[in-house]
Amino acid sequence: MTLIARHLSRTVQLLALPVMAGSLSGCILVTDTSRMNPDVFVQETAPVFLNPAYAAQVPVQPQPVPERQPIPQKRDLYQTQFHQTYGIPVSNPVHRVYYASIRDDGFTLPAIPYSRIDARYLRQEVDYRTNEAPGTIVVDTKQRFLYLVQPNGKAIRYGVGIGRDGFSWSGRGVIQWKAKWPRWTPPNEMVQRQPELAKFSAAEGGAMPGLNNPLGARALYIFKDGKDTLYRVHGTPDWQSIGKATSSGCVRLLNQDVIDLFDRVPSNTPIVVI
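Described in the following lines is the structure provided in the data block. (Residues numbered from 1 in each chain as written. Predicted model: local features only at pLDDT ≥ 70, side-chain atom pairs only at ≥ 80, totals over all residues. Heavy atoms only, no water.)

Right, let's get into the packing of aromatic side chains. Counting across every chain of the model gives eight aromatic pairs. Relative to Tyr99, the ring of Tyr98 lies with its centre 6.2 Å away and its plane at 85 degrees, an arrangement referred to as edge-to-face. Owing to a relative accessible area of 29%, Tyr98 belongs among the partly exposed residues under this scheme. Given the relative accessible area of 1%, Tyr99 is considered buried. In textbook terms, an aromatic cluster arises when at least three aromatic residues are bridged by ring pairs, as seen for Tyr121, Tyr128, Phe145 and Tyr147. The residue whose ring lies beneath Lys178 is Phe262, and the NZ or CZ to ring-centre distance is 4.1 Å. (Phe/Tyr/Trp six-rings, centres within 6.5 Å; stacked < 30°, edge-to-face > 60°. Buried < 20%, exposed > 50% of the residue type's maximum accessible area, 1.4 Å probe, protein only. Lys NZ or Arg CZ within 6 Å of the ring centre and 35° of its normal.)

In structure tokens form, the structure reads like this:
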């Protein structure tokens, strides 16, 4: 039995030789890839792969230097030199807060679509050189701006709409008194021109305060030498009129802006209308 077992084992080994040879020959006949060649690998992966031992074998190809483009000095997207230099867009996220819907003395003012208003007329701090003392209000009827003068050559600027009555007076005066959610009483001359306004006349007590009241959320009454000029700085629900000449009224601000101005200025604040 031992002789037979040895014979069978020898036979199995002899039969297995061709199979092993065939399998080995398959590996030997497979062509080596370039990835197995370190020189080729380094060249194909440079400069991602860098081995100092092969660095001399990797030719360094000079890369063309792109021509530097001059920085534009004037962009439509940027409104100041600071914005132009540092690329800060005109859109100011603080305007979202300024012109959000607010609840005020029982009235809810809707949010203002400020993105549809010329950015020049949105509330902002600006450089403003003037001989007027800080705290003075300056109304520029031609440019449609109201400035509240600040120290150090600055001012808070608001966009305004100027009605026909807004061009009827200019000069110096004071804010004699201020009113929250005022009643609106059209002058007798206006009632004569527009009889439908008779229900809002002084005899009828004027128009009730509210979101549709032409004086808006606040009114600042201008007096000169102790007399009412009939000139008003007031709010308006008509945001589309800001920056424009309107059919009626004096100087109108966005309701959110007139509330801000109202809170900043006391009675007897000097005002200059030019």
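There is more to say, and it comes next.
Before going further, it helps to spend a moment on the sheet that holds strand β12 (residues 269-273). Strand order in this open sheet of ten strands is β3-β6-β5-β4-β12-β8-β9-β10-β11-β7, and the pairing throughout is mixed. Pairing within the sheet leaves two strands with one partner each, and these edge strands are β3 (124-127) and β7 (161-162). Two elements, strand β5 (residues 145-150) and strand β6 (residues 154-159), share six bridges in a ladder whose sense is antiparallel. Of the residues in β6, the one forming a bridge with Phe145 is Gly159. (Pairing = 2+ DSSP bridges. Helix = DSSP H or I, 4+ residues; strand = E, 2+ residues; numbered from the N terminus.)

Bringing unusual backbone geometry into the picture now. The phi dihedral of Asn152 falls on the positive side, at around 60 degrees, and the residue is not glycine. Structurally, the position occupied by Asn152 is in the loop between β5 and β6. For Asn152, a relative accessible area of 72% gives the class exposed. Despite not being glycine, Trp181 shows a phi value in the positive range, around 40 degrees. With respect to the secondary-structure elements, Trp181 resides in the loop between β8 (171-180) and α5 (188-193). Look at Trp181 and you get buried, because its relative accessible area is 6%.

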